[in-house]
Amino acid sequence: MRNVNSLLKDVENRLKANEISEPALNAEWIVSKVCGLERLQLRLSGCEGISEETAKKAMDMALMRIKHVPLSYIFGEHNFRGFSLEINRGVFVPRPETEELIDIFLKCARKNGKMRILDFGTGSGAIAILLAAEIKEAEIIAVDKSVLSIRCAERNVKKHGFSERVKVQRGESPEELGIRFDFIISNPPYIPSPDIEGLDAEVRMEPRVALDGGKDGLKVVRKLLRSLPFVLRKGGMFFCEIGENQVEGVKRVFLESEVPGRIEFYRDCNMKWRFFSVKFYG
Ligand code: SAM
Ligand code: GLN
């Protein structure tokens, strides 16, 4: 009879034979998922028996992984800083760097008192949910142009009990909401269109609308910057994630937008310049 260890080896070998990167780690995620174990518990449970049904589930998942389907789509779930988020193929998989964007927000923004926050391009609702958990009096509007994302974000907001304070709605520009915010945060699509083809197969499985930032990657960033005078309160702030080579482009777009305010850039944990904020003087 198979046990946890032999299943781990089988899945790993299958992934390795198909040149999937990090086969051992992927095998651990898959086997821990089908066995309902924490990944770190696996090695302690190595000799436990596995039913044929469980083994088949794991091998089916391995087959999907071989087709480059990201693990979060295979599991239908993604853990974003302790929050289990439902994810499906029409929705962007949240990235660790976006946790860093949220940390920058939390460092710079006040955390007390009433405030209104816009999460523009909410996807699964990841940013809105984390902020709702951290800032108890925040009222958050989570907007996305993709209907699939809106539906997914709504389910995630409800699942975590934030429906009272997080409103999810479809939209394509901040101005159309007709209100002003204390803070705006966004992880917009920022990959230049010509670069999309060269992305990993896994990333190309994600919705194009979540990745494609137009010719120079800054289409949505430009739109957001131009909107600031109409949607931020005086003294309000905008926080945004960008690609690692986009600082000069963003500076240019900021100057062109003539927004009265101060721009600041921040590095990620790999020392790459990946975020910026704008304080709006009004
Ligand atoms: N905030 C989520 C996260 O960090 O996981 C999703 C980020 S994903 C990179 C960008 C999101 O912006 C996608 O969900 C996409 O549908 C949405 N989007 C793209 N262009 C948009 C636009 N013009 N208006 C509103 N949403 C847009
Ligand atoms: N960070 C994503 C990637 O690695 C891109 C996300 C985006 O465009 N916002 O592909």
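Below is a summary of the structure that appears in this document. (Residues numbered from 1 in each chain as written. Chains lettered and ligands numbered in written order. Predicted model: local features only at pLDDT ≥ 70, side-chain atom pairs only at ≥ 80, totals over all residues. Heavy atoms only, no water.)

**Observations concerning the site of ligand 2**
- Within the structure, ligand 2 sits among Phe92, Arg95, Glu97, Asn187, Pro188, Pro189, Tyr190, Ile191, Val203, Ala210 and Leu211.
- Contact between ligand 2 and Tyr190: an oxygen atom at 3.1 Å from a main-chain N or O atom of the residue.
- When ligand 2 is considered free in solution it has 300 Å² of accessible area, and contact with the protein chains removes 87% of it. (Near = heavy atom within 4 Å. Polar contact = N/O pair within 3.5 Å; in protein donor to acceptor, adjacent residues only side chain to side chain. Areas by Shrake-Rupley, 256 points an atom, 1.4 Å probe, with all protein chains shown as cover.)

**Notes on the side chain of Ser32**
- As for its placement among the helices and strands, Ser32 is situated in helix α2 (residues 23-35).
- With relative accessibility at 5%, the residue Ser32 sits in the buried group.
- Of note is the side chain of Ser32, whose polar atom sits 3.1 Å from the backbone oxygen of Trp29.
- With residues up to four places along the chain from it excluded, the contact list for Ser32 reads Leu37, Glu38, Arg39 and Leu42. (Helix = DSSP H or I, 4+ residues; strand = E, 2+ residues; numbered from the N terminus. Buried < 20%, exposed > 50% of the residue type's maximum accessible area, 1.4 Å probe, protein only. Contact = heavy atoms within 4.5 Å.)

**What to know about the site of ligand 1**
- Taken together, 19 residues surround ligand 1, and among them Gly121, Asp144, Lys145, Asn187 and Ala210 come closest.
- Separating a nitrogen atom of ligand 1 from a backbone N or O atom of Gly121 is a distance of 2.8 Å.
- Calculation on ligand 1 without its partners gives an accessible area of 590 Å², and the protein chains cover 97% of this total.
- The residue inventory of the shell around ligand 1, partitioned by class, reads 7 nonpolar, 8 polar and 4 charged. (Nonpolar A, V, L, I, M, F, W, Y, C, P; charged D, E, K, R; others polar.)

**With respect to the sheet that holds strand β5 (residues 166-170)**
- Within the open sheet, the 7 strands sit side by side as β5-β4-β3-β6-β7-β9-β8. Their pairing is mixed. The sheet is open, and its two edges are formed by β5 and β8 (261-267), each paired on a single side. Each neighbouring strand pair of the sheet contributes to a mean axis angle of 15°, computed without reference to strand direction.
- Across 5 bridges, the pairing between strand β7 (residues 232-241) and strand β9 (residues 273-280) is antiparallel. When the sheet's bridge partners are listed, Cys240 is paired in β9 with Phe276.
- This element, helix α5 (residues 96-108), spans β3 (115-120), β6 (181-186), β7, β8 and β9 of the sheet and lies at about 155° to β7.
- Each of β8 and β9 touches helix α11 (residues 247-257); the most contacted strand, β8, lies at about 170° to it. (Pairing = 2+ DSSP bridges. Axes fitted to C-alpha atoms, helices over the stretch in contact; angles between N-to-C directions.)

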